[in-house]
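The primary structure of each chain is shown beneath.
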Amino acid sequence: MKDIDKKGFETRAIHAGQEPDPSTGAVMTPLYTSSTYKQSSPGVHQGFDYSRSGNPTRKAFEECMTSLEEGRAGFGFSSGVAAISACVELLQPGDHVIAMDDLYGGTVRLFNEIKIKSQGITVTYVDMTDLKNLDAALTPNTKMIFVETPTNPLLKIVDLEKISEFAVANNILSICDNTFASSYVQKPLSLGIDIVLHSATKYLGGHSDLIAGVLVIGKNDEELIARMANIHNSLGPITSSFDSYLILRSLKTLPIRMERHNQSAFAIAKELENNNKISKVIYPGLENHPQHEIAKKQMNGFGGIISIEVAGGSRIL
Ligand SMILES: *Cc1c(COP(=O)(O)O)cnc(C)c1O
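Fair warning: this is a prediction, and the values are worked out from it, not measured in the lab. (Residues numbered from 1 in each chain as written. Predicted model: local features only at pLDDT ≥ 70, side-chain atom pairs only at ≥ 80, totals over all residues. Heavy atoms only, no water.)

Peer 1: With reference to specific residues and values, describe helix α7 (residues 222-235).
Peer 2: With 14 residues, α7 extends 20 Å from end C-alpha to end C-alpha; this agrees with the ideal 20 Å at 1.5 Å per step. Within α7, burial applies to L224, I225, M228, I231 and H232. All buried residues of α7 lie within an arc of 125 degrees about the axis, which places them on one face of the element. Opposite the packed face of α7, turned more than 90 degrees from it, sit the exposed residues E222, E223 and S234. Considering only its buried residues, α7 is in contact with α2 (56-68), β1 (73-77), α3 (80-88), β5 (173-177), β6 (195-199) and β7 (213-217). The N-capping residue of α7, defined by a side-chain oxygen 3.1 Å from the backbone nitrogen of E223, is D221. (Helix = DSSP H or I, 4+ residues; strand = E, 2+ residues; numbered from the N terminus. Expected span 1.5 Å × (residues − 1). Buried < 20%, exposed > 50% of the residue type's maximum accessible area, 1.4 Å probe, protein only. Arc of directions from axis to C-beta. Contact = heavy atoms within 4.5 Å. Polar contact = N/O pair within 3.5 Å; in protein donor to acceptor, adjacent residues only side chain to side chain.)

Okay, here's the thing in structure tokens:
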């Protein structure tokens with residue numbers, strides 16, 4: 001464990017993966033746009049040879065995220081769906097995935113329209129708020145369980161500790177899309193999940209000015225880390241150095257932004273409950289949320305997203 005990893009989340013959000021630049025002393029990680037790096041003789045270099053394989057600005061972003069998620073190795077992607085796609089590349093034709101039934105629409109499209117056809121995998125969508133459904137979906141070919149909590153858009157919550165117990169018992173890889181919670185609000189790896197991923201486009205980026213993704217591997221599994229490094233480098237969907245630089249800036253304020261999101265969303269959800277134009281308010285922080293107790297156990301605050309149903313339903317004019 002590095003010294004920085006013993007510090008609090010706020011300190012790691014500012015400093016993890018970032019050292020003053022050795023050539024100038026610049027305290028902020030410079031934006032390295034170089035594609036290629038000088039080699040003193042073939043194969044002899046300072047850790048970087050080509051920026052798809054490794055870039056100093058992206059490396060700082062990846063190390064910062066690895067520290068925030070309390071994992072072993074991080075990989076920066078060009079988008080959230082690129083990170084999800086890279087996880088699915090770990091599978092072989094014939095493998096089966098158990099996925100949550102209320103996933104982000106782009107994830108369902110990636111599975112149904114692309115991966116099922118191009119990779120020959122099968123996917124079963126399951127309501128994981130009832131864990132009995134997991135046993136029913138299990139097949140001898142099940143190799144991956146893919147969850148998102150809270151889900152986009154219905155804010156369903158699944159018990160990550162129970163999901164990881166199920167995955168370990170059945171020797172399958174567990175993946176959690178942590179986008180809607182953020183690394184500040186939820187730590188899936190500490191609850192036993194194997195890989196956590198984000199659309200960094202959302203809370204991590206935080207300013208609506210970039211598209212990126214990231215995944216962090218929790219297990220000290222050199223083979224899994226090496227396979228992911230190979231997928232990342234071979235497919236090439238990397239975070240650009242400019243976006244890596246922007247996210248490093250954004251991560252410094254992640255804790256205070258999430259605290260404010262937690263407070264504001266909670267106050268707005270309470271207010272909407274008393275509004276007679278709104279028939280239903282869905283927010284994990286409300287006591288009437290079906291998985292409120294699980295949210296209290298595994299989240300640090302309840303995040304910034306609220307879903308509502310408007311009284312009278314939708315009206316198409
Ligand atoms: C936005 C989103 C994604 C996809 O991320 P992109 O950066 O848009 O590719 C994946 N999962 C969740 C939960 C999201 O909200």
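Peer 1: Before we move on, can you summarise the packing of aromatic side chains with the specific residues and values?
Peer 2: Enumeration according to the criterion identifies five aromatic pairs in this entry. Between F9 and Y184 the ring centres are 5.4 Å apart and the planes differ by 70 degrees, which places this aromatic pair in the edge-to-face class. Of this pair, F9 sits in helix α1 (residues 9-15) while Y184 sits in the loop between β5 and β6, placing them 175 residues apart in sequence. Exposure class is identical for F9 and Y184. Each is buried. Linked through ring pairs, F266, Y283 and F302 together constitute an aromatic cluster. Taking the ring centre of Y104 as reference, the NZ or CZ of K202 above it sits at 5.2 Å. (Phe/Tyr/Trp six-rings, centres within 6.5 Å; stacked < 30°, edge-to-face > 60°. Lys NZ or Arg CZ within 6 Å of the ring centre and 35° of its normal.)

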